[in-house]
Amino acid sequence: MGSEEKEATTADAQPIETGDNNDDEPSMTVSLFVFLVIPVLLFSLFSRLTVDTAVKPIELKGYEPLEFERRKPAGWQRRPIQDNLSAPPPAPIPLESAPSSWPTDYQNVLSTIQSRRRRIEMDSESVAPQRRPSESESSSANTNSQTNTDKRTARRRGGADDDARLRLIDQINALKEVYKSKPDDLFAALDFADAMRFYELRYHEGGTYEKKTIQMFEKIVEMALERKREALLNNQSTKKSNNPSVNSVKDEISLNNRDKSIDGLLCAIYTAQGKVYFMANMFERAVESYSSCLEIEPGYLDAVNSRGSALLILGRYSDAARDLVQVTREDDTLGFSDSYQGLARILQTQEEAVIGGWGTLVEPVENLLPKLEGQFASAPAHSKPAYAAVLTRLHHSMFLYHDAKTKDASTAFEHLRTAYKHKMSILPPWQKGSELARIRQTKNIFTSGFWPSYVGSESRIPIFIVGFVRSGSTLLERVLDSHPRIAGTGENSVFNGRLPEIRNEIVRVSMESPEILGDVTRDLADKVVLEMKERWDALKEANGVEDADNEPARFVDKMLTNYNNIGFIQMLYPHALILHVVREPMDTLFSAYKHEFPSGTLDYTCDFESLAELYRAYREIMEHWDKVLPGRVTHIRYEDMVIDMPGVAKKIIEAAELPWNETVLDFHKKKHAVNTLSTTQVRKGLYKDGMKSWKRYEKQLKPLADMIGTLVEYDLATNLKGYTPADQKLQNDAFQ
């Protein structure tokens, strides 16, 4: 990228009348507050997601007992955020403009924020995580007091506007105090670790508690093993639970930890530890933890199912299939129905890896579907969500079968439509217009001239990948990661995890000591880079990454929805490379629609209306960034990568200011695991099957195409410096 593309836009100072001030020149402090603080405060107040898609497991009629655990194979979890983002700033310098002279709108914003903070701090009610400790333990934890300082710090870490999140953080802090008072109590340690784990599972925001959770489970495993050693020395049984009706370790999954046998407790701990490693992208360690449980009890289905998911990520398809088939055969309560979807993904990629091929999946699903649909129709209202969750997964598996194997587009799409009818029935209604409104608020804040020239770091270490979901970002990340001096860590954005703190710190400093804003933004930027390096060190050790001694010069930070946050990226890293992956609109939308995502905003890609709004908002904000930060974002078309990977890859590495390395073109051979829905696809290397794939379903997708109107075309070209698109090269050759 040329220097003219890297220069940050400077803010223009405009005269402001303050009533009593008769000077000809405006105060720089007033200008800073008007052009920087007010917009950032507005953004801080209003830019938050308002949809909570959490669905509690409900017992299913006819399947006793039934456990529907909300398990999400989220591989983009992260280390704890430190309490203090930077060293304490110098004492505030008296401002030329007193608060009484600040603009009325600014005073109103402050008043609103302060009143909201008071309301939040007065709300001391705690809420338990999804799998809560026992009632007696929770009661003890809830009554444990905290200082106001601790609460304010926790709230900054979690995002100050999410009350449920704040209550969960309070719960974690209470359990932490219980553990600190009883450090040798296995259950106190486990309650604390599990609360942090469920926070990570529910809020994908940068690995707030990742490092601490890993450390805690390592200690808990040792404590549980010591308990088993003592029992064996005393000739005590390690397989007898406190519930006389449960006679096997494999059936202890539904028991409270305190009622489990020693072996049952060890299995639960090993399985939970494996899930923590999985969320941290430490897949080899995850497999080891699950296997440790299965050495104790081979039929512990939570561990079997979870190990199958990890093995799939690692590309060990035959081993993964063996685990997932076991689950589908032994899971009588359908508590692990996601195993069918995992099996379908393997069959799509390598059918021979599954003994019996597609029949191993299709026969049991075809037997189950009519029974479950009948039970769903007559089930009471409180049981319907549990049925709907299972039916969603089974119908989605049948869509994958017909899409990949029979090529029957009509039947395939009917299964997909039915799956999403069930899924939408258990989601809160989509808040129509909310996404477009949020984008327009962002546009009103980040305007031309917003970014002062003195803020941000000179660092080019981070490389940010943004774009709409299913646009080809995983392919781009793998290409970058294959360079020996570039490290990719999957969809595990350190920057995104730090964003609430970054935003809050910028607001605080702008209010108290605006003259040090430049230093603070540079300090924040340095801390994000440091965390990227620390995370890479942990990953390379855990996963045995090749060339581990070769220190990366660039780290890929991939969070597709960071297209909303390019304004803040520019604030901290005005010179870092921002890569925007662009794909043919209908291919993008169909790919987003047909993939079932973990819980969150992307759940709503399963509905045409909400998907269309999400896409329109994305296109609108990307057009805005190109307008207010011309040349700042580097656009890369997915189709150019597929057709002309050598040409595109060389220019990308050149834009990253690194020497070319031929290993980049062998990206699909690298062992580094990727935990996204593109995991199985990216291991194939380059393939053109995904181009124009929506055409097979053109009739069914016509309503969606109509909803986005003229956006069905996206003529944005790859703008890598010095790159000529492949189709243009062909045209040029034809005229020579």
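Sequence positions are assigned chain by chain, starting from 1 and proceeding in written order. In keeping with the predicted nature of the model, local features appear solely for residues at pLDDT of at least 70, side-chain atom pairs appear and are counted solely at 80 or more, and the whole-chain, interface and lining totals rest on all residues. Hydrogens and water are ignored here; the side-chain numbers use all heavy atoms of the structure.

As named in an unreviewed UniProt entry, the chain is protein-tyrosine sulfotransferase, taken from Fistulifera solaris. Heading Sequence similarities (unreviewed entry) of the UniProt record for the chain holds this comment: "Belongs to the protein sulfotransferase family." UniProt positions are given in the numbering used here, feature names are shortened, and annotations may be inferred rather than shown by experiment.

Helix and strand assignments follow DSSP, with helices taken as H or I runs no shorter than four residues and strands as E runs no shorter than two, numbered in order from the N terminus. Each helix and strand in the chain was counted, giving 28 helices and five strands. Residue exposure (1.4 Å probe, protein chains only): buried if accessible area is under 20% of the type maximum, exposed if over 50%, otherwise partly exposed. In the chain, which comprises 736 residues, the share counted as buried stands at 58%. Throughout, a residue-residue contact means that at least one pair of heavy atoms, one from each residue, lies within 4.5 Å. The contacts of the chain with a sequence gap of at least 6 include a subset with a gap of at least 24, amounting to 78%.

Reading across the sheet, the five strands line up as 2-3-1-4-5 and stay open at both edges, with parallel pairing between neighbours. The open sheet has two edge strands with one neighbour each: strand 2 (486–488) and strand 5 (634–637). The average angle at which neighbouring strand axes cross in this sheet is 25°, direction not considered. In this analysis an axis means a line fitted to C-alpha atoms, helices contributing only their contacting stretch, and an angle means the value between N-to-C directions, from 0 to 180 degrees. Helix 23 (residues 608–628) contacts strand 1 (462–467), strand 4 (577–582) and strand 5 of the sheet and is inclined by roughly 140° relative to strand 4. Strand pairing follows a simple DSSP-based rule, namely that at least 2 bridges must link the two strands.

A large share of strand 4 lies buried, amounting to six of its six residues. Residues Leu577, Leu579 and Val581 of strand 4 are buried on one face, and the alternating residues Ile578, His580 and Val582, pointing to the opposite face, are buried as well. With five bridges connecting them, strand 1 and strand 4 associate as parallel partners. If you follow Val466 over to strand 4, its bridge partner there is His580. As defined by bridge partners, strand 4 adjoins strand 5 across four bridges and the pair is classed as parallel.

Another point: the UniProt feature "repeat: TPR" (unreviewed entry) in the chain. The UniProt entry lists residues 267–300 under the feature "repeat: TPR" (unreviewed entry), expressed in the numbering used here. Counting secondary structure, residues 267–300 comes out at 79% helix and 0% strand; the distance between its end C-alpha atoms is 8 Å.

The next thing to look at is the environment of Ala189. Looking at the element boundaries, Ala189 is found in helix 7 (residues 186–202). On the basis of relative accessibility, which here comes to 0%, the residue Ala189 falls in the buried class. For the pair Ala189 and Tyr179, spaced 10 residues apart in sequence, the C-alpha to C-alpha distance is 5.5 Å. With near-sequence residues (within four places) excluded, Ala189 lies in contact with Tyr179, Met216, Ile220 and Met223.

The next subject is the packing of aromatic side chains. Note on ring pairs: Phe, Tyr and Trp rings are taken, using the six-membered ring of Trp, and paired if centres are within 6.5 Å. Classes follow the plane angle, with under 30 degrees stacked, over 60 edge-to-face and the rest tilted. Under the counting rule described, the total for this entry stands at 22 aromatic pairs. Taken together, a centroid distance of 5.1 Å and an interplanar angle of 90° make the contact between Tyr199 and Tyr209 edge-to-face. Of this pair, Tyr199 sits in helix 7 while Tyr209 sits in the loop between helix 7 and helix 8 (210–233), and the two are 10 residues apart along the sequence. Ring-pair connections join several aromatic residues into one group, and the members of that group are Phe399, Phe413, Tyr420, Phe590, Tyr593, Phe608 and Tyr697. Two thresholds decide whether a charge sits over a ring: the Lys NZ or Arg CZ must be within 6 Å of the ring centre and within 35 degrees of the ring normal. Stacked on the ring of Phe198, the Lys or Arg Arg197 has its end atom at 4.6 Å from the ring centre. The ring centre of Tyr714 lies 3.6 Å from the NZ or CZ of Arg619, which sits over that ring.

Relative to the helices and strands, Gln326 is located in helix 12 (residues 317–330). Residues Gln326 and Ser339, spaced 13 residues apart in sequence, show a C-alpha to C-alpha distance of 9.3 Å. When residues no more than four places from it in sequence are discounted, the contact partners of Gln326 are Pro298, Gly299, Leu301 and Val304.

This next bit is on the nonpolar core. For the purposes of this section, nonpolar cores are sets of buried Ala, Val, Leu, Ile, Met, Phe, Trp, Tyr and Cys residues that join through side-chain atoms within 4.5 Å. Counting 166 residues, the largest nonpolar core has Phe468 and Phe495 as its most contacted members. Here this core gets 11 residues from one element, more than from any other, and that element is helix 23. By convention here, the domain bounds are inherited from an automatic or database domain assignment. No fewer than three residues from each of domain 1 (159–240 + 249–314) and domain 2 (434–735) sit in this core. Not counting the four nearest positions on each side in its chain, Phe495 is found in contact with Phe464, Ile502, Val528, Asp557, Asn562, Asn565, Phe568, Ile569, Leu572 and Tyr573. Among the nonpolar cores identified, the runner-up in size contains 28 residues, and Leu475, Ala553, Ile652 and Ala655 belong to it.

Another aspect to go through is the confidence of the model for the chain. Caution is warranted with low-pLDDT regions, since their predicted coordinates should not be read in detail. The predicted model of the chain averages 78 in pLDDT, with 71% of residues at 70 or higher. By definition, pLDDT measures how confident the predictor is in each residue, and it falls between 0 and 100. The low-confidence segment residues 1–30, where pLDDT is below 50, has 46 contacts with residues more than four positions distant or belonging to other chains. Contacts for the low-pLDDT stretch residues 675–685, under 50 throughout, to residues beyond four places or in other chains number 46 contacts.

Further remarks concern the packing of helix 22 (residues 585–594) against helix 27 (residues 698–708). Following both chains from N to C, one finds helix 22 and helix 27 inclined at 125°, their axes separated by 11 Å at the closest point. Classified by the angle their axes make, helix 22 and helix 27 are oblique. Judged by the sense of rotation from one axis to the other, the crossing of helix 22 with helix 27 is right-handed. Mapping the contact onto sequence places Met586, Leu589 and Phe590 in helix 22 and Leu701, Leu704, Ala705 and Ile708 in helix 27. Put simply, Ala, Val, Leu, Ile, Met, Phe, Trp, Tyr, Cys and Pro go in the nonpolar bin, Asp, Glu, Lys and Arg in the charged bin, and everything else, Gly too, in the polar bin. For the contact of helix 22 with helix 27, the class distribution of residues is seven nonpolar, no polar and no charged. Orientation categories follow fixed angle ranges, with anything under 35 degrees roughly parallel, anything over 145 roughly antiparallel, 65 to 115 roughly perpendicular, and all other angles oblique. Take the far helix as your reference; a near helix turned counterclockwise from it by less than a right angle gives a left-handed crossing, and one turned clockwise gives a right-handed crossing.

With that settled, the discussion passes to the pattern of salt bridges. We define a salt bridge as a side-chain nitrogen of Lys or Arg found within 4 Å of a carboxyl oxygen belonging to Asp or Glu. With the rule as written, the count across this model stands at 31 salt bridges. Salt-bridge contacts for Asp185 lead to Lys182; the nearest nitrogen and oxygen are separated by 3.7 Å. Taking relative accessible area as the criterion, Lys182 reaches 36% and is therefore assigned partly exposed. A salt bridge links Glu596 to Lys423; the shortest N-O distance between them is 3.7 Å. Highlighted residues: Glu596 in the loop between helix 22 and helix 23 and Lys423 in helix 16 (residues 409–425), separated in sequence by 173 residues. Through salt bridges with shared partners, a single network forms among Arg498, Glu501, Glu531 and Arg535.

Even without glycine at this site, Leu334 takes up a positive phi of about 60°. On the secondary structure map, Leu334 appears in the loop between helix 12 and helix 13 (338–349). In this structure, Arg470 takes a positive phi of about 65° despite not being glycine.

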